[in-house]
There are 2 protein chains.
Amino acid sequence: MGTALCAPLLDRGHQVRLVGTHLDVAAIEALRRDGIHPGLGYPLPAGATYHQLDELAGAMAGAERVAIGVSSAGIEWAAAAIGPLLPPGVPLAFITKGLEWMGERLLTEPEVFLAGVPERVRSTLRPVAVTGPCIAGELIRRNDTWVTFTSRDAEAARGWAEAARTAYYHVRTSDDFTGCEATAALKNAFSIGWGIAAGLAERRGDAATAPAPGSFGVATHNQEAATFAEAIVEMARLVELTGGRAETVFGLVGVGDLLVTTHARNARLGRLLGSGLSLDQAVKRMEGATLEGLATIRTIGRALAAWDAGGRTGAADFPLMRHLLEVTAGERAAIPFEAFFGGRG
Amino acid sequence: MGTALCAPLLDRGHQVRLVGTHLDVAAIEALRRDGIHPGLGYPLPAGATYHQLDELAGAMAGAERVAIGVSSAGIEWAAAAIGPLLPPGVPLAFITKGLEWMGERLLTEPEVFLAGVPERVRSTLRPVAVTGPCIAGELIRRNDTWVTFTSRDAEAARGWAEAARTAYYHVRTSDDFTGCEATAALKNAFSIGWGIAAGLAERRGDAATAPAPGSFGVATHNQEAATFAEAIVEMARLVELTGGRAETVFGLVGVGDLLVTTHARNARLGRLLGSGLSLDQAVKRMEGATLEGLATIRTIGRALAAWDAGGRTGAADFPLMRHLLEVTAGERAAIPFEAFFGGRG
């Protein structure tokens, strides 16, 4: 996604220095060789230079803006590596998505990052986060894409938005930083649930004995739609519990991003789980893909344990998320569909 | 949909008398012959009898419940034909979806129906409406389906829900009758918009000259997701303007039903429009399919004209719906994507 974001930045005339982590050595080599990231298969426009990690300090020198797109697992490493190199007051943006449970509250990845940055720099930073539905392979091909840049500092969000928007990269802004970031993380988790429902349906279809002509191959859009809507309802309440606004879930950042994510890797993991694989088997089939949804589910599990204990939430709340917790703990996928939308009530 | 709803009713042990309109002569004949509706291709369980319209009065005699599933264009006819036969106080449910602009306000189809029913009966009725994501071909195959039965009378909604729910037909209830009904109608209109966006993307892809390997055939999920989210945002505000609750849009009845409807006929009409056909050409290609979304768009056009004149809404609001109005007035599809989510703001 970091590479794809270079497309609008380059189209806007920025010089871009793209630095890979130790996980990106081959990608940086390929970009240097022919300007194409192997995971995207499409060239960036001219104007970028590509750097291995050992060139980080040189690449950061004189940077007017810095954007960070490491995986969530690497955010503390990134704070240690990049933090000391940040010019005070530099406009700083995050593509990294995720939530961490620390000190009895949920923290977004930018907050975790900032905690690891030297204090004299930290106090000068107004972090911006990029949220909303964006498949990298579409953005780099200049397919129309709408995103929300969010910050607690409206001016910081507008500054990054103005620097990045193009005719095809439609940037909106939001001051609901916590809500946008929580939603961006949660959609990965819930897309696993959406995938599980789809996989369960496929397995049922395969196992069925045909009672009549036409009974095979019928879609399960009714169940997909209900699972999607239940995910939105649960996301909205979880976002409110983190201190964000439910309305953020009900637009581009929530509904839109969950929809795009049903086409992405976390949903594919869910489909494998629903088809009957164990968690270990399913993760193995994903061949090392970053599965940030799993980490977010575990984080929400810690939060729910605290909220349940404090009476803020109850066992009947969040049936889909609670089942995702069971699955990440090793149980086989078996979504409690009857509990959706408050149960029979 | 009326035929599909018989499946859970029959599975619950009800005797069902299914009466067709003058449009359903062939379907009723087929159901009598082999128990299969030609549009569904799957048999109903035993326990139903099938009746042509001239048997309506006999079929209604002694009915303990009545459900009406005519198309929205037939709702006034239905009131005239069925209204005088309704036993006072009979539990009455509507599958018919749509909105009408009458006397400077939006009316739901059950309200239009009731206006045509003799007064002595009307005052005894507590109409219930069936809303939410339900593809008929899936329901009749007993695929898991979640719906919301809504009524201003909570007891009436619960009564119908209890009569109809099965292990696979998951019925929830809502007292937001106006919101549920407005949402059910609007989702057909907005699914045309979703289809137009998809058709425009396909046409662009076809016309493009390949600038690099891999540039063909890439999906446009980012644009789909944004169009879907914009539809939800516009639906929520329109539902509030009709006197319903936005929260109804943000769950099963809105998000869920719009998602299911992207697979259905109104979205297919939109795709044809987006591919470059005129409205007349696109409607012709749909070969007589019921396209209730078009009627809803025209109804909302009349409402928006009044709301704009009264200052409740402004020209910058509802860019997607306003474009749908232009398309139904004969303009070629060209969604104003830049105006989504409030524009650059």
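Since the model is a prediction, treat every value here as computed from it, not as a measurement.

**Notes on the overall build of chain A**
Here comes step 1: Across its full length, chain A carries 16 helices and nine strands.
Here comes step 2: The C-alpha atoms of chain A give 21 Å as radius of gyration, which agrees with the globular expectation for 345 residues (20 Å, within 12%).
Here comes step 3: Per-residue burial for chain A yields a buried fraction of 59% across its 345 residues.
Here comes step 4: A separation threshold of at least 6 residues defines the contact pool for chain A, and within that pool the share at least 24 residues apart is 71%.
Here comes step 5: Looking at chain A as shown, the accessible area adds up to about 13,500 Å², and 52% of this sits on carbon and sulfur atoms.
Here comes step 6: Positive and negative charge centroids in chain A, built from 32 and 37 side chains respectively, lie 1 Å apart.

**Quick word on the relation of the copies chain A and chain B**
Here comes step 1: Overlay of chain A on chain B (RMSD 0.0 Å): rotation 180 degrees, translation along the axis 0.0 Å. Expressed as an axis order, the relation between the two copies is that of a two-fold axis. Taking the C-alpha atom as reference, chain A places Phe250 of chain A closest to the rotation axis, 3.1 Å from it.
Here comes step 2: With an isologous cut-off of 70% or more, the 100% of interface residues of chain A that recur at the interface of chain B puts this contact in the isologous class.

**With respect to the sheet that holds strand β9 (residues 169–174) of chain B**
Residues and elements named next belong to chain B.
Here comes step 1: In spatial order, the strands read β3-β4-β7-β8-β9; together these five strands make up an open sheet with mixed pairing. What marks the edges here is a single partner per strand, and that holds for β3 (66–68) and β9. For this sheet the average axis-to-axis angle between neighbouring strands, irrespective of direction, equals 25 degrees.
Here comes step 2: Pairing analysis gives three bridges linking strand β7 (residues 128–131) to strand β8 (residues 145–150), with the strands arranged antiparallel. Counted as the bridge partner of Thr131 is Thr148 from β8.

**Notes on helix α13 (residues 265–274) of chain A**
Residues and elements named next belong to chain A.
Here comes step 1: Most of α13 is tucked away: seven of the 10 residues are buried.
Here comes step 2: Regarding α13, the residues found buried are Asn266, Ala267, Leu269, Gly270, Leu272, Leu273 and Gly274.
Here comes step 3: The first or second residue beyond α13 is Gly276, which carries a positive phi of 120 degrees.

**Comments concerning the interface of chain A and chain B**
Here comes step 1: In this complex, chain A contributes 50 residues to the contact, which on the side of chain B involves 50 residues.
Here comes step 2: Around 4,200 Å² of area is buried between chain A and chain B when both sides are counted, 61% of it from carbon and sulfur atoms.
Here comes step 3: Contact with chain B buries area across many residues of chain A, yet Trp146, Arg172 and Asn222 of chain A alone supply 17% of it, more than any other trio.
Here comes step 4: The tally of links from chain A across to chain B stands at two salt bridges.
Here comes step 5: We note a salt bridge from Glu338 of chain A to Arg172 of chain B, for which the minimum N-O separation is 3.7 Å.
Here comes step 6: At the level of elements, α7 (136–139), β8 (145–150), β9 (169–174), α10 (221–242) and α12 (252–261) of chain A are the ones that each hand at least two residues to the side of chain A that touches chain B.
Here comes step 7: Sort the elements by how many residues they give to the side of chain A that touches chain B and α10 of chain A lands first, with 10 residues.
Here comes step 8: Along the lines of polarity and charge, the residues of the side of chain A that touches chain B split into 26 nonpolar, 15 polar and nine charged.

**Considering the pairing of strand β1 (residues 16–19) of chain A**
All names here are of chain A.
Here comes step 1: Side chains of β1 alternate between two faces, with Val16 and Leu18 buried and Arg17 and Val19 left unburied.
Here comes step 2: Looking at chain direction, β1 and strand β2 (residues 48–51) are connected through four bridges and run parallel. When the sheet's bridge partners are listed, Val19 is paired in β2 with His51.
Here comes step 3: A crossover connection joins β1 to the parallel β2 through helix α2 (residues 25–34); in handedness this β-α-β unit is right-handed.

**Some thoughts on the environment of Ala295 of chain A**
Here comes step 1: Relative to the assigned elements, Ala295 of chain A resides in helix α15 (residues 292–309).
Here comes step 2: A C-alpha to C-alpha distance of 9.4 Å links Ala295 of chain A and Ala185 of chain A, two positions 110 residues apart in sequence.

**Brief notes about the side chain of Lys97 of chain A**
All names here are of chain A.
Here comes step 1: Positionally, Lys97 belongs in the loop between β4 (92–94) and β5 (99–102).
Here comes step 2: No salt bridge is formed by the buried Lys97; the nearest opposite charge belongs to Glu181, separated by 4.9 Å.
Here comes step 3: Here Ile95 takes part through its backbone oxygen, which lies 2.5 Å from a polar atom of the side chain of Lys97.
Here comes step 4: Dropping the residues within four chain positions of it, Lys97 is found in contact with Ser72, Glu109, Val130, Thr131, Glu181, Ala184 and Glu292.

**So, the confidence of the model for chain A**
Residue and element names in this part refer to chain A.
Here comes step 1: On average, residues of chain A carry a pLDDT of 93, and 96% of them reach 70 or more.
Here comes step 2: With pLDDT under 50 throughout, residues 207–216 is counted as low confidence; its partners more than four residues away or in other chains account for 12 contacts.
Here comes step 3: This complex was scored by the predictor with a pTM of 0.95 and an ipTM of 0.94.

**Quick word on the nonpolar core**
Among soluble globular proteins, nonpolar side chains are generally buried collectively.
Here comes step 1: If you look at the biggest cluster of nonpolar residues, it comprises 114 residues, and the most contacted ones within it are Phe190 and Met321 of chain A together with Phe190 and Met321 of chain B.
Here comes step 2: Not counting residues within four places of it along the chain, the set of residues in contact with Phe190 of chain A comprises Ala231, Glu234, Met235, Leu238, Leu258, Leu320, Met321 and Leu324 of chain A.

**Side note on the sheet that holds β4 of chain A**
Residue and element names in this part refer to chain A.
Here comes step 1: Read from one edge of the open sheet, five strands run β3-β4-β7-β8-β9, paired in mixed fashion. Taken across any chain shown, the strands that pair with only one partner, and hence form the sheet edges, are β3 (66–68) and β9. Across the sheet, the mean angle separating the axes of adjacent strands is 25 degrees when strand polarity is ignored.
Here comes step 2: As paired elements, β3 and β4 share three bridges and run parallel to each other. Its bridge partner being in β4, Val66 is matched across the sheet by Leu92.

**Quick word on the environment of Ala339 of chain A**
Residue and element names in this part refer to chain A.
Here comes step 1: Within the secondary structure layout, Ala339 lies in the segment after α16 (319–328).
Here comes step 2: The partly exposed category is assigned to Ala339, whose relative accessible area is 31%.
Here comes step 3: Separated by 11 residues in the primary sequence, Ala339 and Thr328 have C-alpha atoms spaced 20 Å apart.

**Here we look at unusual backbone geometry**
All names here are of chain A.
Here comes step 1: At Glu104, a position not held by glycine, the phi torsion is positive, near 65 degrees.
Here comes step 2: In this fold, Glu104 is placed in the loop between β5 and β6 (105–108).
Here comes step 3: For Arg142, which is not a glycine, the phi torsion comes out positive at approximately 60 degrees.
Here comes step 4: Along the chain, Arg142 turns up in the loop between α7 and β8.
Here comes step 5: Residue classification places Arg142 among the partly exposed positions, given a relative accessible area of 28%.

Parameters at a glance
- Residues numbered from 1 in each chain as written.
- Chains lettered and ligands numbered in written order.
- Predicted model: local features only at pLDDT ≥ 70, side-chain atom pairs only at ≥ 80, totals over all residues.
- Heavy atoms only, no water.
- Helix = DSSP H or I, 4+ residues; strand = E, 2+ residues; numbered from the N terminus.
- Rg over C-alpha atoms; globule rule 2.2 N^0.38 Å.
- Buried < 20%, exposed > 50% of the residue type's maximum accessible area, 1.4 Å probe, protein only.
- Contact = heavy atoms within 4.5 Å.
- Areas by Shrake-Rupley, 256 points an atom, 1.4 Å probe, with all protein chains shown as cover.
- Lys, Arg positive; Asp, Glu negative; His and termini not counted.
- Charge placed at Lys NZ, Arg CZ, Asp CG, Glu CD.
- Least-squares fit on C-alpha atoms with pLDDT ≥ 70 in both.
- Pairing = 2+ DSSP bridges.
- Axes fitted to C-alpha atoms, helices over the stretch in contact; angles between N-to-C directions.
- Buried area = accessible area lost by both parts, 1.4 Å probe.
- Salt bridge = Lys/Arg side-chain N within 4 Å of Asp/Glu carboxyl O.
- Nonpolar A, V, L, I, M, F, W, Y, C, P; charged D, E, K, R; others polar.
- Right-handed = clockwise from strand over helix to strand, strands pointing away.
- Polar contact = N/O pair within 3.5 Å; in protein donor to acceptor, adjacent residues only side chain to side chain.
- pLDDT = per-residue confidence, 0-100.
- Core = buried A, V, L, I, M, F, W, Y, C linked by side-chain atoms within 4.5 Å.

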